[in-house]
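A structural walkthrough
So the chains spell out like this:
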Amino acid sequence: MVSNKKALEMVDVIAEMFPNAECELVHDNAFELTIAVLLSAQTTDISVNKLTKPLFEKYKTPEDYLSVDISELENDIRTIGLYRNKAKNIQKLSQSLLDKFDGKIPRTHNELESLAGVGRKTANVVMSVAFGEPSLAVDTHVERISKRLGICRWKDNVRQVEDKLCKVVPRERWNKTHHQLIFFGRYHCLARKPKCDVCPLFEECREGQKRYKASLKEA
């Protein structure tokens, strides 16, 4: 792994590349954001935004999601993956909000993670985006680039990646860095075709160097 100093320098380069990075899930409040993040599992934000535009017009409160049969909700979100399980979690989450939190999204990590379908990543996103609390969520993009750049070990789990990044990045930058790392992974260091040929971090990227050496052998 690279040193913490080198890791922060890499994060700084990424920050310069995507200074205006922000959450791309369209939402108007914490409840909609929570539903959108839940729906985004193993699905692109673009697909979720197409779905939530009509969904959020139909369902505005936890009561709305509970007022329909599960089959109707499944049909409303069937264009995305895992829709049956997600529909079930949305109704369970909505019931929990009414039973325990007066119908409102709670404002602590532990309470958020007590909701159906809400893991640590979703809780971090909601705390960061909806409530402005310092949090650094690790999704597939953040995990991939952290390991490619040698900021983390290949064998590190998601929580270990989060802990390392939070150690490297100043707390006041966690929220912004989360989005900048996502943009870097989504639009530059793509999973299958990373843009190594135009990457300012290429010389320091262990994955980029590995790919380059492999291409020379093939040639």
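In the nomenclature of an unreviewed UniProt entry, the chain corresponds to Endonuclease III from the organism Staphylococcus equorum. Under the heading Catalytic activity (unreviewed entry), UniProt records this for the chain: "2'-deoxyribonucleotide-(2'-deoxyribose 5'-phosphate)-2'-deoxyribonucleotide-DNA = a 3'-end 2'-deoxyribonucleotide-(2,3-dehydro-2,3-deoxyribose 5'-phosphate)-DNA + a 5'-end 5'-phospho-2'-deoxyribonucleoside-DNA + H(+)". The annotation that UniProt attaches to the chain under Sequence similarities (unreviewed entry) is "Belongs to the Nth/MutY family."

**With respect to the packing of aromatic side chains**
Scanning the entire structure with this criterion turns up four aromatic pairs. Between Phe18 and Phe183, the ring centres sit 6.0 Å apart and the planes meet at 70 degrees, which makes this aromatic pair edge-to-face. Remark: Phe183 occurs in helix H11 (residues 174–187) and Phe18 occurs in the loop between helix H1 (4–17) and helix H2 (30–39); sequence separation between them is 165 residues. Of the two residues, Phe18 and Phe183, both sit in the buried class. Judged by centre distance (5.8 Å) and plane angle (75 degrees), the ring pair of Phe31 and Tyr65 falls under edge-to-face. You can see Phe31 sitting in helix H2 and its partner Tyr65 sitting in helix H4 (residues 62–66), a full 34 residues away along the chain. An identical accessibility class is assigned to Phe31 and Tyr65; each is buried. Linked through ring pairs, Phe18, Phe183 and Tyr187 together constitute an aromatic cluster.

**Quick word on the nonpolar core**
Membership of the largest hydrophobic core comes to 35 residues, with the highest contact counts inside it found for Ile35, Leu39, Leu55, Tyr65 and Leu73. Sorting the residues of this core by element identifies H2, helix H3 (45–58), helix H6 (83–100) and helix H8 (120–130) as the ones contributing at least two each. The dominant element in this core, judged by the number of residues it contributes, is H2, at eight residues. If we ignore the near neighbours within four places in the chain, the residues touching Leu55 are Ile35, Leu39, Tyr65, Leu73, Asp76 and Ile77.

**Details of the UniProt feature "domain: HhH-GPD" (unreviewed entry) in the chain**
On the UniProt side, "domain: HhH-GPD" (unreviewed entry) is annotated at positions that read residues 39–187 here. Its end C-alpha atoms 21 Å apart, residues 39–187 is made of 64% helix and 0% strand.

**Digging into the UniProt feature "binding site: [4Fe-4S] cluster" (unreviewed entry) in the chain**
Under the UniProt annotation, the feature "binding site: [4Fe-4S] cluster" (unreviewed entry) is placed at Cys189, Cys196, Cys199 and Cys205. Considering the C-alpha atoms alone, the annotated residues occupy 17 residues of sequence yet fold into one spot, their largest mutual distance being 10.7 Å. In the annotated set above, the residues contributing to the lining of the largest cavity are Cys189, Cys196, Cys199 and Cys205. If near-sequence neighbours (up to four positions away) are discounted, Cys196 is found in contact with Phe202, Gly208 and Arg211. Once residues within four sequence positions are removed from consideration, Cys205 is found in contact with Arg148 and Leu149.

So, how was this worked out
- Residues numbered from 1 in each chain as written.
- Predicted model: local features only at pLDDT ≥ 70, side-chain atom pairs only at ≥ 80, totals over all residues.
- Heavy atoms only, no water.
- UniProt positions renumbered as here; feature names shortened; annotations may be inferred.
- Phe/Tyr/Trp six-rings, centres within 6.5 Å; stacked < 30°, edge-to-face > 60°.
- Helix = DSSP H or I, 4+ residues; strand = E, 2+ residues; numbered from the N terminus.
- Buried < 20%, exposed > 50% of the residue type's maximum accessible area, 1.4 Å probe, protein only.
- Core = buried A, V, L, I, M, F, W, Y, C linked by side-chain atoms within 4.5 Å.
- Contact = heavy atoms within 4.5 Å.
- 1 Å grid on protein atoms, 1.4 Å probe; cavity = no way out; pocket = protein on both sides within 12 Å on 5 of 7 lines; lining within 4 Å.

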